[in-house]
Amino acid sequence: MSTLAKAMSKFRLAVVQLHVTSVKADNLSKARRLIREAAGQGSKVVVLPECFNSPYGTGFFQEYAERIPGESTQMLSEAAKENGVYLVGGSIPEEDGGKLYNTCPVFGPDGTLLLKHRKIHLFDIDVPGKIRFQESETLSPGSAFSVFETPFCKVGVGICYDIRFAEMAQLYSKMGCELLVYPGAFNMTTGPAHWELLQRARALDNQLYVATASPARDETSSYIAWGHSTVVNPWGEVISSTGSEEAVVYAEIDLQYLADVRQQIPVTVQRRDDLYAVKPVAES
Ligand SMILES: O=C(O)CCC(=O)C(=O)O
């Protein structure tokens, strides 16, 4: 392997577990400071949490919604450029054409908007006595997949509930992604039960890296986030994680290691796609 190829096969990723408040200006300035801190530690890709500029909740989306470009994406663009990083801008409530979306804007190191991912699978669940949440009461779903290129690897983007859909991660893997990022905000019911398990499942199924960024936990907010921003490797191991407080989580993404895992256990080339379809069964 050439020296350049070797240099490009490893990079540092940072996940910012931001303490989000109801004051948008404070959320923006703190995010900016932590992006700078992450870049100062050598991170090339920085990921912010879901709803990083606004409290998470259907009652807040309209009030905090912005068009793109707007105040929050302007800050993200400047922060990406100032620090020379790929910036996965968590998500913000986006207003467009009279509709609201939960949208993740991604910026390149020159500050260009590379893509905006509108959450495809809206978080509508009802677990009696525990949690009922209906994003679809105020949000509309996106219908496009979102992948961007870096000099290191291709990255696929989903938002929170999107991680429950294995088909989406598999599609990203088939498109050549080696890292999946999910800004997310699981809660005190589904967080302990499913957050890490889902990340490890997506990573192991597809033999790639998975990174999640949550807001820090705020016991006083109407929706209490689980926290525990995490990075999982292609072997399905948690390589970096944190608790519930504000923190920056760092992980070394090693694409040679990913290639080694795929060679050792070659499921990606052993798939029997010729068999995986439900066929009508003849009635007897
Ligand atoms: O899937 C879950 O349990 C949580 C999802 C969620 O919080 C979200 O999509 O924002």
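A few points on the structure.

Basis of the calculations
Residues numbered from 1 in each chain as written. Predicted model: local features only at pLDDT ≥ 70, side-chain atom pairs only at ≥ 80, totals over all residues. Heavy atoms only, no water. Core = buried A, V, L, I, M, F, W, Y, C linked by side-chain atoms within 4.5 Å. Buried < 20%, exposed > 50% of the residue type's maximum accessible area, 1.4 Å probe, protein only. Helix = DSSP H or I, 4+ residues; strand = E, 2+ residues; numbered from the N terminus. Contact = heavy atoms within 4.5 Å. Near = heavy atom within 4 Å. Polar contact = N/O pair within 3.5 Å; in protein donor to acceptor, adjacent residues only side chain to side chain. Areas by Shrake-Rupley, 256 points an atom, 1.4 Å probe, with all protein chains shown as cover. Pairing = 2+ DSSP bridges. Axes fitted to C-alpha atoms, helices over the stretch in contact; angles between N-to-C directions. Salt bridge = Lys/Arg side-chain N within 4 Å of Asp/Glu carboxyl O. Expected span 1.5 Å × (residues − 1). Arc of directions from axis to C-beta. Patch = residues over 30% accessible without salt bridge, like charges linked within 9 Å, V, L, I, M, F, W, Y side chains within 5 Å.

Core analysis: the biggest nonpolar cluster contains 44 residues, and Phe11, Leu13 and Leu179 have the highest contact counts within it. Ranked by the residues each element gives to this core, the list is headed by strand E11 (residues 177–183), at 5 residues. If we skip the residues at most four places from it in the chain, leucine 13 touches Ser43, Val45, Val47, Leu179, Ala211, Val231, Val249, Tyr250, Ala251 and Ile253. Among the nonpolar cores identified, the runner-up in size contains 23 residues, and Ala38, Ile68, Leu76 and Val85 belong to it.

Turning our attention to the site of the ligand. Around the ligand, the neighbouring residues are Glu50, Tyr56, Lys119, Phe123, Cys160, Tyr161, Arg164, Ala185, Phe186, Thr190 and Tyr223. Take tyrosine 161: an N or O atom from its main chain is 3.0 Å from an oxygen atom of the ligand. Measuring from an oxygen atom of the ligand, one finds a side-chain N or O atom of tyrosine 223 at 2.9 Å. Here the ligand, which alone exposes 300 Å², has 100% of that area covered by the protein.

Further remarks concern the sheet that holds strand E12 (residues 209–213). The strand order across the open sheet built from 6 strands is E9-E10-E11-E12-E13-E14, with neighbouring strands paired in mixed fashion. Two strands close off the open sheet at either side, each with one partner strand: strand E9 (146–149) and strand E14 (238–241). Shown here is a sheet whose adjacent strand axes are inclined to one another by a mean of 20°, direction ignored. Bridge count between E12 and strand E13 (residues 230–232): 3 bridges; the pairing is antiparallel. In the strand pairing of E13, threonine 212 is matched with threonine 230. Against the sheet, helix H5 (residues 166–174) contacts E9, strand E10 (154–157) and E11, and its axis sits at roughly 145° relative to E11.

Turning our attention to the environment of alanine 185. Structurally, the position occupied by alanine 185 is in the loop between E11 and helix H6 (190–206). According to the relative accessible area criterion, alanine 185 is buried, its value standing at 2%. Put simply, alanine 185 and tyrosine 257 are 72 residues apart on the chain and 29 Å apart in space, counted from C-alpha to C-alpha. Look past the residues within four positions of alanine 185 in its chain and what remains in contact with it is Glu50, Cys160, Ser214, Pro215 and Tyr223.

So, about unusual backbone geometry. The linkage connecting isoleucine 68 with the following residue, proline 69, adopts the cis geometry, with an omega of 5°. Within the fold, proline 69 resides in the loop between helix H3 (61–64) and helix H4 (71–83). The phi torsion at cysteine 51 lies on the positive side, around 50°, for a residue other than glycine. Position of cysteine 51 among the secondary structure elements: in the loop between strand E2 (43–47) and H3. For cysteine 51, a relative accessible area of 2% translates into the label buried. At histidine 228, a residue that is not glycine, the phi angle is positive and equals roughly 60°. Using a relative accessible area of 24% as the deciding quantity, one classes histidine 228 as partly exposed.

A separate point is the pattern of salt bridges. Counted by the stated rule, this structure contains 18 salt bridges. Two residues, glutamate 246 and lysine 30, come together in a salt bridge whose shortest N-O distance is 2.8 Å. A residue pair is termed long-range when its members are at least 10 positions apart, and glutamate 246 in the loop between E14 and strand E15 (247–254) and lysine 30 in helix H2 (residues 24–40) qualify at 216 residues. Given a relative accessible area of 32%, glutamate 246 falls into the partly exposed group. On the accessibility criterion, lysine 30 (21% relative accessible area) is partly exposed. We note a salt bridge from lysine 119 to glutamate 135, for which the minimum N-O separation is 2.9 Å. Placement of lysine 119 in the loop between strand E6 (113–118) and strand E7 (124–127) and of glutamate 135 in the loop between strand E8 (131–134) and E9 is noted, with a sequence separation of 16 residues between them. Assigned by exposure class, lysine 119 and glutamate 135 land together as buried.

What follows concerns H2. The terminal C-alpha atoms of H2, which comprises 17 residues, lie 24 Å apart, in line with the 24 Å expected from a rise of 1.5 Å per residue. Regarding H2, the residues found buried are Lys24, Asn27, Leu28, Ala31, Leu34, Ile35, Ala38 and Ala39. Here the buried residues of H2 occupy an arc of 140° about the axis, which is enough to place them on one side. Residue glycine 42 follows H2 closely and has a positive phi angle near 90°.

Together, Phe145, Leu171 and Met175 make up a nonpolar patch on the protein surface, roughly 260 Å² of accessible area in all. By the element assignment, methionine 175 lies in the loop between H5 and E11. Taking the relative accessible area as the measure of exposure, methionine 175 reaches 38% and is therefore partly exposed.

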